[in-house]
Amino acid sequence: MKDKRRWSYRGCACCDERPLSLSGAMLNRRHFMRGMTGAAAMAAVGVGHPQRAAAQTADAAKPYRIDVHHHLTPPTYNTASKLNNFGDAPMKNWTPEKSLEDMDKAGVAVAMLSVTTPAVNFTSGAAARKLTRECNDYAARLIADHPGRFGSFAMIPLTDIDGSLQEIAYALDTLKVDGIGLMTSYGDKWLGDPSFLPVMEELNRRKAVVYTHPTTANCCVNLVRTQPAVMIEFGTDTTRTIADIIFSGNAQKFRDIRWIFSHAGGTMPFLIERFVRNPLLEPAAKPTVPDGTLAELKRFYYDTAQTANKAAMSALSAVIPTSQIVFGTDFPYRTSIDHVKGLRAAGVFTDAQLMDIERGNALKLLPRLAA
């Protein structure tokens with residue numbers, strides 16, 4: 001049955017000769033600076049700190065960053081959004097050219113494409129299957145048309161188990177996409193729900209990379225008129241689904257799914273004591289985390305989209321090792337350069353850690369991008 005709710009979505013090395021490690025390749029620091037004018041570097045961070053300016057704003061002669069959180073709007077999805085009265089200007093006005101222009105300004109080599117919320121939560125049945133297939137085919141054509149610039153996390157209609165299993169096979173075996181993209185919730189079911197077990201079993205069997213994007217659950221649409229869903233509910237829904245995956249036992253059961261959570265894990269870093277203490281307070285939760293909650297949280301990956309600031313990155317990196325943080329931008333809702341500058345202005349990470357966040361960590365998940 002078609003959901004009648006009103007959808008409310010968005011408004012997310014200075015110059016010495018020591019080598020930098022870049023996932024097995026070595027970049028000479030002077031080469032890393034080549035192509036940047038002194039004026040551009042100084043303009044970005046201010047006169048008076050030339051070495052810091054160079055370190056914070058220099059792009060490699062060849063773009064190297066990998067953006068795991070980058071949205072596309074296939075034409076058929078745009079049409080569906082208009083017919084079903086959802087979406088906003090950034091989503092509806094997206095073009096591949098805008099993505100490439102944004103990427104080039106910030107030294108982003110590859111953007112991993114995904115459809116933003118609500119995915120196909122607004123429809124069901126044959127219509128959802130058809131739209132899902134059209135969107136995944138469109139993303140595959142972009143990858144073919146722009147070699148080396150795009151990857152894809154394919155959409156599936158998760159509440160339709162048979163349709164999801166068919167689309168996983170098509171996306172991974174025929175289209176050869178890089179992973180699967182899921183919303184954090186579907187109606188009032190989060191990703192640990194037992195009804196989704198056949199899909200989780202298949203994703204685990206395939207050792208799939210699974211990227212997640214927040215949405216607004218049925219419970220929490222239009223709760224407070226002064227607060228759009230993107231402000232609070234998106235981060236909260238990400239937190240709910242992380243907890244559900246862990247305390248349903250799915251994190252233990254499906255060890256080979258490689259999860260990516262958006263926006264620094266939502267509110268999870270702030271609520272870390274609650275996560276850690278839950279098995280102490282709820283006996284049923286104890287078997288789901290035999291090594292403790294932190295052990296599970298530290299296996300997941302978390303992106304920087306809309307959280308490239310000192311507060312969020314300090315909190316996340318206090319809980320999660322830097323090896324599990326990946327670069328994300330939330331384009332077209334924010335720009336790539338916003339995040340490049342924000343991560344440096346935050347002052348949380350070393351130059352080597354920034355290189356890992358912006359490329360090396362993603363290559364562990366998506367090794368084909370090394371080429």
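Residues numbered from 1 in each chain as written. Predicted model: local features only at pLDDT ≥ 70, side-chain atom pairs only at ≥ 80, totals over all residues. Heavy atoms only, no water.

1. So, the packing of helix 15 (residues 336-346) against helix 16 (residues 351-365)
Next up, step 1: Packing of helix 15 against helix 16 brings their axes to within 11 Å, and their N-to-C directions diverge by 155°. One finds that helix 15 runs roughly antiparallel with respect to helix 16. Crossing angle aside, the handedness with which helix 15 passes helix 16 is right-handed. Seen from helix 15, the contacting residues are Val340, Leu343 and Arg344; seen from helix 16, they are Leu354, Ile357 and Glu358.
Next up, step 2: Partitioned by chemical class, the residues of the contact of helix 15 with helix 16 number 4 nonpolar, no polar and 2 charged. (Axes fitted to C-alpha atoms, helices over the stretch in contact; angles between N-to-C directions. Helix = DSSP H or I, 4+ residues; strand = E, 2+ residues; numbered from the N terminus. Parallel < 35°, antiparallel > 145°, perpendicular 65-115°, else oblique. Left-handed = near helix turned anticlockwise from the far one by under 90°. Contact = heavy atoms within 4.5 Å. Nonpolar A, V, L, I, M, F, W, Y, C, P; charged D, E, K, R; others polar.)

2. Some remarks on the sheet that holds strand 5 (residues 150-155)
Next up, step 1: Overall, parallel pairing links the 8 strands, which are arranged 3-4-5-6-9-10-11-12 in an open sheet. With one partner strand each, in any of the chains shown, strand 3 (65-71) and strand 12 (325-326) form the two edges of the open sheet.
Next up, step 2: Examined bridge by bridge, strand 6 (residues 179-183) and strand 9 (residues 209-213) share 4 bridges and lie parallel to one another. Within the sheet, the bridge partner assigned to Ile180 lies in strand 9 and is Val210.
Next up, step 3: Taken strand by strand, helix 7 (residues 125-145) contacts strand 4 (108-114) and strand 5, and its axis lies near 170° from that of strand 5. (Pairing = 2+ DSSP bridges.)

3. Here's the deal with helix 12 (residues 272-281)
Next up, step 1: Looking only at helix 12, the buried set comprises Ile272, Phe275 and Pro279. The arc that holds the buried residues of helix 12, viewed along the axis, is 75°, so those residues lie on one side. Facing away from the buried side of helix 12, by more than 90 degrees, are the exposed residues Glu273, Arg274, Leu280 and Leu281. (Buried < 20%, exposed > 50% of the residue type's maximum accessible area, 1.4 Å probe, protein only. Arc of directions from axis to C-beta.)

4. Quick notes on the packing of helix 4 (residues 75-83) against helix 7
Next up, step 1: Here helix 4 crosses helix 7 at 140°, and the two axes come no closer than 8 Å. One way to sum up the angle between helix 4 and helix 7 is to call them oblique. For the pair helix 4 and helix 7, the contacting residues are Pro75, Thr76, Tyr77 and Ala80 in the first and Leu131, Glu134, Cys135 and Tyr138 in the second.
Next up, step 2: Residue composition of the contact of helix 4 with helix 7, grouped by class: 6 nonpolar, 1 polar and 1 charged.

5. Structural notes on the pairing of strand 9
Next up, step 1: Buried residues dominate strand 9, accounting for 5 of its 5 residues.
Next up, step 2: Side-chain alternation along strand 9 places Val209, Tyr211 and His213 on one buried face and Val210 and Thr212 on a second face that is also buried.

6. As for the side chain of Asp237
Next up, step 1: Locating Asp237 in the fold gives a position in helix 10 (residues 229-247).
Next up, step 2: A polar atom in the side chain of Asp237 sits 2.8 Å from the side chain of Trp190. (Polar contact = N/O pair within 3.5 Å; in protein donor to acceptor, adjacent residues only side chain to side chain.)

7. Brief notes about the packing of aromatic side chains
Where two aromatic rings form a pair, the distance of their centres and the angle of their planes describe that pair.
Next up, step 1: Applying the stated criterion to the full structure yields 9 aromatic pairs.
Next up, step 2: Taking the centre distance of 6.0 Å and the plane angle of 70° together, the rings of Tyr186 and Phe196 count as edge-to-face. One end of the pair, Tyr186, is in strand 7 (residues 185-186); the other, Phe196, is in the loop between strand 8 (189-190) and helix 9 (197-205), and 10 residues separate them in sequence. Grouping residues by exposure puts Tyr186 and Phe196 together as buried. (Phe/Tyr/Trp six-rings, centres within 6.5 Å; stacked < 30°, edge-to-face > 60°.)

8. Remarks on the pattern of salt bridges
Next up, step 1: In the structure shown here, the tally under the stated rule is 17 salt bridges.
Next up, step 2: Here Arg129 and Asp160 are joined by a salt bridge, their closest N and O atoms 2.6 Å apart. Taken together, the residues Arg129 in helix 7 and Asp160 in the loop between strand 5 and helix 8 (161-174) connect sequence positions 31 residues apart.
Next up, step 3: Take Asp160: its relative accessible area is 17%, and that puts it in the buried class.
Next up, step 4: Ionic pairing is found between Arg344 and Glu358, a salt bridge with its closest N-O pair at 2.7 Å. Of this pair, Arg344 sits in helix 15 while Glu358 sits in helix 16; the two residues are 14 residues apart in sequence, bridging distant segments of the chain. Each of the two residues, Arg344 as well as Glu358, counts as buried.
Next up, step 5: By sharing partners, the salt bridges in this structure join Asp173, Glu202, Arg205 and Arg206 into a single network. (Salt bridge = Lys/Arg side-chain N within 4 Å of Asp/Glu carboxyl O.)

9. Side note on the pairing of strand 4
Next up, step 1: Along strand 4, 7 of the 7 residues are buried, which leaves the element largely enclosed by surrounding structure.
Next up, step 2: Bridge count between strand 3 and strand 4: 5 bridges; the pairing is parallel. Following the sheet pairing, His70 is matched in strand 4 by Leu113.
Next up, step 3: In this structure, strand 4 lies alongside strand 5, joined through 3 bridges in parallel fashion. Residue pairing in the sheet places Ala111 in a bridge with Phe150 of strand 5.

10. Quick word on the confidence of the model for the chain
Next up, step 1: Considering every residue of the chain, the mean pLDDT works out to 87; 84% of them sit at 70 or more.
Next up, step 2: pLDDT under 50 marks residues 1-60. Its contacts with residues more than four places away, or in other chains, come to 118 contacts. (pLDDT = per-residue confidence, 0-100.)

11. What to know about unusual backbone geometry
Next up, step 1: Cis geometry is found at the peptide bond from Thr117 to Pro118, where omega equals 15°.
Next up, step 2: The residue Pro118 is located in the loop between strand 4 and helix 7 in this model.
Next up, step 3: For the bond running from Phe331 to Pro332, omega is 10°, close enough to zero to count as cis.
Next up, step 4: Even without being glycine, Ala119 reaches a positive phi, approximately 55°.
Next up, step 5: For Ala119, the position within the fold is in the loop between strand 4 and helix 7.
Next up, step 6: On the basis of relative accessibility, which here comes to 4%, the residue Ala119 falls in the buried class.
Next up, step 7: Here His263, not a glycine, exhibits a phi torsion of approximately 55°, which is positive.
Next up, step 8: Tracing the backbone shows His263 in the loop between strand 10 (258-261) and helix 12.

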